[in-house]
Amino acid sequence: MTEAVFFYTFSGLAILAALSVAWNRRPIYSVLSLLVFMFCLAALFIMLGAYFVAALQVLLYAGAVLVLFLFVIMLLNLEPEALARMRLFTLRGVGTAAASLLLAALVAILRRPGPAPITPATTIGSVESIGQLLFTTYLIPFELTSFLILAAIIGAVTLARQKSHD
Amino acid sequence: MPSLLFSTPHLAWLMISPTHYVRLSAVLFAIGLMGLMTRRNVLMILLCIEVMFNAANLAFVAYARAWGNLDGHVVVFFIITVAAAEVTVGLAIAILLARQLKTLNADEVRLLKW
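Residues numbered from 1 in each chain as written. Chains lettered and ligands numbered in written order. Predicted model: local features only at pLDDT ≥ 70, side-chain atom pairs only at ≥ 80, totals over all residues. Heavy atoms only, no water.

Caption draft 1: View of the interface of chain B and chain A. With 73 residues of chain B at the interface, the matching set in chain A holds 82 residues. Summed over both partners, the interface of chain B with chain A comes to about 7,100 Å²; 77% of that surface belongs to carbon and sulfur atoms. Remark: the boundary between chain B and chain A carries 0 salt bridges. Our count for the contact surface shared by chain B and chain A stands at 6 residue pairs in polar contact (both at pLDDT 80 or more). For the side of chain B that touches chain A, the elements supplying multiple residues, two or more each, are helix H2 (18-38), helix H3 (42-67) and helix H4 (71-100) of chain B. Among the elements that make up the side of chain B that touches chain A, the one with the highest residue count is H4 of chain B (23 residues). (Contact = heavy atoms within 4.5 Å. Buried area = accessible area lost by both parts, 1.4 Å probe. Salt bridge = Lys/Arg side-chain N within 4 Å of Asp/Glu carboxyl O. Polar contact = N/O pair within 3.5 Å; in protein donor to acceptor, adjacent residues only side chain to side chain. Helix = DSSP H or I, 4+ residues; strand = E, 2+ residues; numbered from the N terminus.)

Caption draft 2: Focus on the confidence of the model for chain B. Averaged over every residue, the pLDDT of chain B is 83; the share at 70 or more is 88%. Within the model, the stretch residues 1-8 of chain B combines pLDDT values under 50 with 4 contacts to residues more than four positions away or in other chains. (pLDDT = per-residue confidence, 0-100.)

Caption draft 3: Quick look at the nonpolar core. Residues Phe37 and Phe69 of chain A together with Tyr21 of chain B are the most contacted members of the largest nonpolar core, which totals 68 residues. Taken together, the elements giving at least two residues each to this core come down to helix H1 (2-23), helix H2 (27-47), helix H3 (51-76) and helix H6 (127-134) of chain A together with H2, H3 and H4 of chain B. Ranked by residue count, the leading element in this core is H4 of chain B, at 13 residues. Leave out the neighbours within four places in its chain, and phenylalanine 69 of chain A touches Val31 of chain A together with Leu43, Leu46, Leu47, Glu50, Val87 and Leu91 of chain B. (Core = buried A, V, L, I, M, F, W, Y, C linked by side-chain atoms within 4.5 Å. Buried < 20%, exposed > 50% of the residue type's maximum accessible area, 1.4 Å probe, protein only.)

Caption draft 4: Inspection of the side chain of asparagine 41 of chain B at higher detail. On the secondary structure map, asparagine 41 of chain B appears in the loop between H2 and H3. Within the local environment of asparagine 41 of chain B, its side chain forms a polar contact with the backbone nitrogen of leucine 43 of chain B, the two atoms lying 3.1 Å apart.

Caption draft 5: Spotlight on the environment of isoleucine 45 of chain B. Residue and element names in this part refer to chain B. Its location among the elements puts isoleucine 45 in helix H3. On the basis of relative accessibility, which here comes to 18%, the residue isoleucine 45 falls in the buried class. Look past the residues within four positions of isoleucine 45 in its chain and what remains in contact with it is Leu36, Arg39, Arg40 and Ala106.

Caption draft 6: Spatial organisation of the packing of H3 of chain B against H4 of chain B. Residue and element names in this part refer to chain B. It is at 10 Å that the axes of H3 and H4 come closest, and there the two elements cross at 180°. For the element pair H3 / H4, the angle class is roughly antiparallel. For the contact of H3 with H4, a count of residues per class yields 17 nonpolar, 4 polar and 2 charged. (Axes fitted to C-alpha atoms, helices over the stretch in contact; angles between N-to-C directions. Parallel < 35°, antiparallel > 145°, perpendicular 65-115°, else oblique. Nonpolar A, V, L, I, M, F, W, Y, C, P; charged D, E, K, R; others polar.)

Caption draft 7: Broad picture of H3 of chain A. The end-to-end C-alpha distance of H3 of chain A, which contains 26 residues, comes to 36 Å, matching closely the 38 Å that a straight helix rising 1.5 Å per residue would cover. Approximately 25° is the largest bend angle found in H3 of chain A, and it occurs at tyrosine 61 of chain A. (Expected span 1.5 Å × (residues − 1). Bend = angle between axes of the 7 residues up to and from the residue.)

Caption draft 8: Quick peek at the confidence of the model for chain A. Averaged over all residues, the pLDDT of chain A is 83; the fraction at 70 or higher stands at 83%. Confidence, expressed as mean pLDDT per element, reaches its minimum in chain A at helix H4 (residues 80-86) of chain A with 49 and its maximum at H2 of chain A with 92.

Here it is in structure tokens:
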């Protein structure tokens, strides 16, 4: 019962925040709505027993990615002219139709009952269990992510650097 | 008697199962896609991609719960890493667009269009 209350509270809030992200005209409001969305999802992850993922969600998404977004939006200092141009929404009907089509397909798929899970086990995604899996089965992908991060850092620095010749 | 209460079919929506989470994930993914296709600002498109990433993460964690293993959590870890890398490069490109083309409208960026 309490689980249902918490689930519907956080999922409703997450849906509202996602709609606000998609529809808000000011980028700064969208970023702050995304923050609410991330925290709702972290709560849902905790309800699913994914404690490590919830911590990552708060630390990495809410802590790093959104701060980066805020920095860029404030750095760019969008002029009123740029803001006015943003209000020109083309393809709105097509986009909404495509999204509702996808939603209808997903609902049709999810309404068909699949095979019930064999073990209704309570898996707790603690740091220890995830770390054990990460450093044994998924060791190679885990090491490769460091290359990915390195490439992203170099790419971002190279792209965003002020060039001296222009 | 909670067991009697929950065994009646009208109250199935009170028993939260992983299916509920997967349905929520589908809704959130569709909202993200709608934003992605309707917004023209590059920053907004990146934000909507984040919403879609998170919807996929929720589905992964819900299935990990349903099947009782932790591989879904590890996949979410990798998704978060890739999303961070994507956002870093994407925002660098957005800064470059604003600086050189003086616009953030995705429709006006047609340097490669012939």
